[in-house]
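Residue-level structure breakdown
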Amino acid sequence: MQINSVAPGGSAVTLTTSGAAVRSWQVGEILSATVLTPVSNGSVGLRIQDALVQAETRLALAPGETVRLEVVHAGERPILKVVDADAMQQVLGQALRAALPRQT
């Protein structure tokens with residue numbers, strides 16, 4: 001997979017590997033990736049669900065670190081985006097405030 005910086009706080013991830021697990025991902029799905037190998041020459045090994053993949057990245061990732069990824073485009077070559085945990089919490093909070101009834 002290839003990771004290219006697209007915006008502050010996020011990265012685009014294009015998988016170059018395929019398999020049944022990878023093809024079953026749905027747009028909007030949030031995946032948890034565990035870093036298996038340290039970044040070396042821009043390449044890093046990740047475990048996403050049961051799939052072992054190689055990635056190219058400019059991010060500073062350490063073995064054992066967990067990265068949250070959102071599926072932006074599904075299919076044979078999915079595109080993923082690194083999700084900022086703080087931003088997700090902020091969006092969730094806004095959604096809950098909008099959905100919960102107002103009390104006076």
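Here, the structure is the one placed above.
Being a predicted model, the structure only gives us computed values, none of them experimental.

As a further point, take the overall build of the chain. In terms of regular secondary structure, the chain is built from two helices and seven strands. When the helices and strands of the chain are read in sequence order from the N terminus, they spell out β-β-α-β-β-β-β-β-α. Residue burial in the chain is summarised as follows: out of 104 residues, 28% are buried. For the chain, restricting intrachain contacts to residue pairs at least 6 apart in sequence, the fraction spanning at least 24 positions comes to 51%.

Let us now look at the pattern of salt bridges. As enumerated under the stated definition, the model contains one salt bridge in all. Of the charged contacts, one joins E70 and K81 as a salt bridge, the two residues approaching to 3.9 Å between their closest N and O atoms. Here E70 is found in strand β6 (residues 66-73), whereas its partner K81 is found in strand β7 (residues 79-82), with 11 residues between them in sequence. Taking relative accessible area as the criterion, K81 reaches 36% and is therefore assigned partly exposed.

Mapped onto the fold, A62 is located in the loop between β5 (51-56) and β6. Taking the C-alpha atoms as reference points, A62 and T34, 28 residues apart in sequence, are found 9.5 Å from one another.

Here T57 shows up in the loop between β5 and β6. For the pair formed by T57 and S43, sequence separation is 14 residues and the distance between their alpha carbons is 6.2 Å.

Turning to the environment of L61, a few remarks are in order. Looking at where L61 falls in the secondary structure, it is placed in the loop between β5 and β6. Once the C-alpha coordinates of L61 and V39 are considered, the two residues, 22 residues apart in sequence, prove to be 6.3 Å apart.

Alternating residues of strand β3 (residues 30-35) divide into L31, A33 and V35, all buried, and I30, S32 and T34, none buried. By the bridge criterion, five bridges tie β3 to β6 in an arrangement that is antiparallel. Residue pairing in the sheet places I30 in a bridge with E70 of β6. With three bridges connecting them, β3 and strand β4 (residues 43-48) associate as antiparallel partners. Looking across to β4, one finds that A33 is bridged to I48.

Criteria and thresholds
- Residues numbered from 1 in each chain as written.
- Predicted model: local features only at pLDDT ≥ 70, side-chain atom pairs only at ≥ 80, totals over all residues.
- Heavy atoms only, no water.
- Helix = DSSP H or I, 4+ residues; strand = E, 2+ residues; numbered from the N terminus.
- Buried < 20%, exposed > 50% of the residue type's maximum accessible area, 1.4 Å probe, protein only.
- Contact = heavy atoms within 4.5 Å.
- Salt bridge = Lys/Arg side-chain N within 4 Å of Asp/Glu carboxyl O.
- Pairing = 2+ DSSP bridges.

Geometry only, nothing functional implied.
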